[in-house]
Amino acid sequence: MELHQSIPVEAIQYDDRGLVPAIVQDYLDGTVLMMAWMNRESLQKTLDTGETWFWSRSRQALWHKGATSGHLQIVKSLRYDCDSDCLLITVEQMGDIACHTGERSCFHKVNSHIQPPPADTLSQVYEVVCDRRDHPTETSYTCKLFEGGDNTILKKIGEETAEVVMAFKDDDAEAIAAEVADLFYHTLVALAHHNVDLKAVYRKLQERRR
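Residues numbered from 1 in each chain as written. Predicted model: local features only at pLDDT ≥ 70, side-chain atom pairs only at ≥ 80, totals over all residues. Heavy atoms only, no water.

Visitor: Just checking my understanding: could you explain the sheet that holds strand β1 (residues 20-26) for this structure?
Guide: In a beta sheet, neighbouring strands pair by backbone hydrogen bonds and run either parallel or antiparallel. Taken together, the four strands give an open sheet; going across it, the order is β2-β1-β6-β5, and neighbouring strands pair in mixed fashion. The two strands at the open ends of the sheet, each matched to only one other strand, are β2 (32-38) and β5 (73-80). Going from strand to strand, the sheet's axes swing by 25 degrees on average, the running direction of each strand aside. As paired elements, β1 and β2 share six bridges and run antiparallel to each other. Looking across to β2, one finds that alanine 22 is bridged to alanine 36. Its contacts with the sheet put helix α1 (residues 40-49) on β2, β5 and β6 (87-93), and the angle it makes with β5 is roughly 120 degrees. (Pairing = 2+ DSSP bridges. Helix = DSSP H or I, 4+ residues; strand = E, 2+ residues; numbered from the N terminus. Axes fitted to C-alpha atoms, helices over the stretch in contact; angles between N-to-C directions. Contact = heavy atoms within 4.5 Å.)

Visitor: Help me out: how do you make sense of the pattern of salt bridges in this one?
Guide: For side chains bearing opposite charge, pairing can occur when the charged atoms are close. As enumerated under the stated definition, the model contains eleven salt bridges in all. Between glutamate 10 and arginine 40 there is a salt bridge, with its nearest N and O atoms 3.3 Å apart. Pair noted here: glutamate 10 is in the segment before β1 and arginine 40 is in helix α1, with a separation of 30 residues, a long-range link. The exposed category is assigned to glutamate 10, whose relative accessible area is 60%. (Salt bridge = Lys/Arg side-chain N within 4 Å of Asp/Glu carboxyl O. Buried < 20%, exposed > 50% of the residue type's maximum accessible area, 1.4 Å probe, protein only.)

Visitor: Please clarify how the nonpolar core should be interpreted in this entry.
Guide: Among the nonpolar cores identified, the biggest contains 20 residues, and Ile12, Met38, Leu43, Phe54, Leu78, Leu87 and Ile89 are the most heavily contacted of them. Listing elements by their share of this core, those giving two or more residues are β1, β2, α1, β5 and β6. By residue number, the principal contributor to this core is β2, which donates four residues. The residues contacting leucine 43, other than those within four sequence positions of it, are Val9, Ile12, Tyr14, Met38, Leu78 and Leu87. (Core = buried A, V, L, I, M, F, W, Y, C linked by side-chain atoms within 4.5 Å.)

Set out below in structure tokens:
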């Protein structure tokens with residue numbers, strides 16, 4: 001993608017300080033990683049280099065994100081809103097760390113307790129599945145699947161696949177959605193059982209998309 005052609009720098013509505021807010025998201029699962037400020041120069045450098053540059057208000061200087069830590073942000077897309085006064089940037093976050101505290105996202109605090117930042121629905125369900133794997137309970141259906149290992153998990157995937165096929169054959173929209181959801185869930189359990197990160201699947205899909 002040619003970033004320099006994706007957004008007209010002069011069309012952006014900067015505030016009276018010459019700044020515009022920029023929201024940064026993970027391009028794979030949509031997690032909001034951070035918010036920072038850009039001016040014309042940092043936006044232009046972002047477009048020219050394909051990596052995020054911001055304006056540091058505290059240092060009053062350009063800030064190349066990750067230049068010191070190695071946690072660079074490779075820009076995948078850059079958009080601006082209907083009023084042209086806010087930017088939305090999707091990135092590949094190197095090292096999977098965007099926050100200076102070492103967390104994946106700057107938005108990691110809820111009631112002063114650190115929690116994983118929200119992402120898409122599949123990622124949220126996968127986090128719960130992994131938590132069940134790592135902290136098993138006797139009453140959890142997911143934990144029972146893990147206890148049964150591959151034989152139990154893969155058998156369920158086979159059963160759910162057959163039910164998906166039948167739902168499509170019956171052309172029942174409600175049943176199709178329900179059965180595909182079941183198949184997704186059991187597939188997430190299999191991924192977690194084999195320690196395969198869901199984002200690895202997303203990366204494969206992105207590669208095929210291109």
